[in-house]
Amino acid sequence: MKGVLDINWLYFKNYSDNPELRRIVIRHSELVTKKALEINRLKGLGLDPKEIYIAGMVHDIGVVKCYAPDIHARGNLPYLLHGLEGSKMLHATGLSKYSKICLTHTGAGITADEIKEKNLPLPVKDLLPESLLEKLICYVDKFYSKSHDLEREKSVEEIEEQMKKFGQESLKRFRQLHEQFKVS
């Protein structure tokens, strides 16, 4: 299973001097992956479980390059750039086909207009999930925090409250993802 070996190597290589951050990011990614696999099964989405596993496990790989003391991330970049950095990391390995998942999972995606309006340190282009797999990982990622009670799944209401701070368009995109992926 080449993809799994690549994931293990990425974590070993990039997180070897920060075992606490590695533990947090891997556990968060495991929870995201488990929920994504469950939704895929229950909704009959037809996505390949191996693809979900790899995407779920690498979506936050770039956190190691960023500064977020509450989760022991000691990098020097703003946390917002973890998706961009993860994408770069995956391009440098055999996992480049998953790099867009890193780029598009932040918030409910970010538009070029939002990047310009908020003067965000990102390339000015739409960073929106497009494929079913990208949308699924983006959606499921919102249910688990890396900085608070790692194991607790957030409610949709809690997520919506958090999404409001990113604007109505972001909240609207999350609600669309919820309609697509909610399991009754």
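Structure: above.
Below is a short write-up of the structure. (Residues numbered from 1 in each chain as written. Predicted model: local features only at pLDDT ≥ 70, side-chain atom pairs only at ≥ 80, totals over all residues. Heavy atoms only, no water.)

## Side note on the layout of surface pockets
So, point 1. Here the largest pocket defines a volume of roughly 880 Å³.
So, point 2. As for the largest pocket, its lining consists of 34 residues, and the residues nearest its centre are Tyr79, Gly107, Lys154, Lys165 and Phe166.
So, point 3. Contributions of two or more residues to the lining of the largest pocket are made by strand 1 (67–68), helix 8 (156–164) and helix 9 (168–181).
So, point 4. A total of three residues in the lining of the largest pocket trace back to one element, the largest contributor, which is helix 8.
So, point 5. Tallied by class, the residues present in the lining of the largest pocket amount to twelve nonpolar, ten polar and twelve charged. (1 Å grid on protein atoms, 1.4 Å probe; cavity = no way out; pocket = protein on both sides within 12 Å on 5 of 7 lines; lining within 4 Å. Points joined across faces, edges and corners; volume = space filled by probe spheres on them. Helix = DSSP H or I, 4+ residues; strand = E, 2+ residues; numbered from the N terminus. Nonpolar A, V, L, I, M, F, W, Y, C, P; charged D, E, K, R; others polar.)

## Examining unusual backbone geometry
Residues other than glycine predominantly adopt negative phi, and peptide bonds predominantly adopt the trans conformation.
So, point 1. The phi torsion at Asn119 lies on the positive side, around 50 degrees, for a residue other than glycine.
So, point 2. Classification of Asn119 as exposed rests on a relative accessible area of 67%.
So, point 3. Positioned with a positive phi, Asp149 is a non-glycine residue whose angle comes to about 25 degrees.
So, point 4. With respect to the secondary-structure elements, Asp149 resides in the loop between helix 7 (132–141) and helix 8. (Buried < 20%, exposed > 50% of the residue type's maximum accessible area, 1.4 Å probe, protein only.)

## Points about empty space enclosed by the protein
With a probe scaled to a water molecule rolled over the atoms, the places where space remains empty come into view.
So, point 1. Evaluated as defined, the whole model comprises one cavity of 30 Å³ or more.
So, point 2. Size it by volume and the largest cavity reaches roughly 50 Å³.
So, point 3. Around the largest cavity sit Leu80, Gly83, Leu84, Cys102, Leu103, Thr106, Ile110, Leu122 and Leu127, which together line it.
So, point 4. Tallied by class, the residues present in the lining of the largest cavity amount to seven nonpolar, two polar and no charged.

## Describing helix 4 (residues 82–91)
So, point 1. In terms of residue burial, helix 4 counts as a mostly covered element, since eight of its ten residues are buried.
So, point 2. All of the buried residues along helix 4 are His82, Gly83, Leu84, Glu85, Gly86, Ser87, Met89 and Leu90.

## Notes on the environment of Leu31
So, point 1. As for its position among the elements, Leu31 is in helix 2 (residues 19–43).
So, point 2. Apart from the residues within four sequence positions on either side, Leu31 is in contact with Tyr144, Leu150 and Glu151. (Contact = heavy atoms within 4.5 Å.)

## Some details on the pattern of salt bridges
When the charged atoms of two side chains lie near each other, side chains of opposite charge can form a pair.
So, point 1. Enumeration according to the criterion identifies 16 salt bridges in this entry.
So, point 2. The shortest N-O distance in the salt bridge between Lys146 and Asp60 comes to 2.8 Å. Taken as a pair, Lys146 in the loop between helix 7 and helix 8 and Asp60 in the loop between helix 3 (49–58) and strand 1 lie far apart in primary sequence, 86 residues in all. As far as burial versus exposure is concerned, Lys146 and Asp60 are alike and both buried.
So, point 3. Residues Lys116 and Asp113 are paired through a salt bridge, measuring 4.0 Å at the closest nitrogen-oxygen approach. Highlighted residues: Lys116 and Asp113, both in helix 6 (residues 112–117), separated by three residues, approximately one helical turn.
So, point 4. Each member of the salt-bridge network shares a partner with another, and the members are Arg27, Glu30 and Glu151. (Salt bridge = Lys/Arg side-chain N within 4 Å of Asp/Glu carboxyl O.)

## Re the packing of aromatic side chains
So, point 1. All chains considered together, the criterion is met by five aromatic pairs.
So, point 2. Summarising the aromatic geometry, the rings of Trp9 and Phe12 are spaced 5.7 Å apart at their centres and angled 35 degrees between planes, so their arrangement reads as tilted. With Trp9 and Phe12 both in helix 1 (residues 2–15) and three residues apart, this pair spans about one turn of that helix.
So, point 3. With a centroid separation of 5.7 Å and an interplanar angle of 25 degrees, the aromatic rings of Tyr139 and Phe174 are classed as stacked. Here the residue Tyr139 occupies a position in helix 7, and Phe174 occupies one in helix 9, the gap between them amounting to 35 residues. Exposure class is identical for Tyr139 and Phe174. Each is buried.
So, point 4. Taking the ring centre of Phe143 as reference, the NZ or CZ of Lys35 above it sits at 4.6 Å. (Phe/Tyr/Trp six-rings, centres within 6.5 Å; stacked < 30°, edge-to-face > 60°. Lys NZ or Arg CZ within 6 Å of the ring centre and 35° of its normal.)

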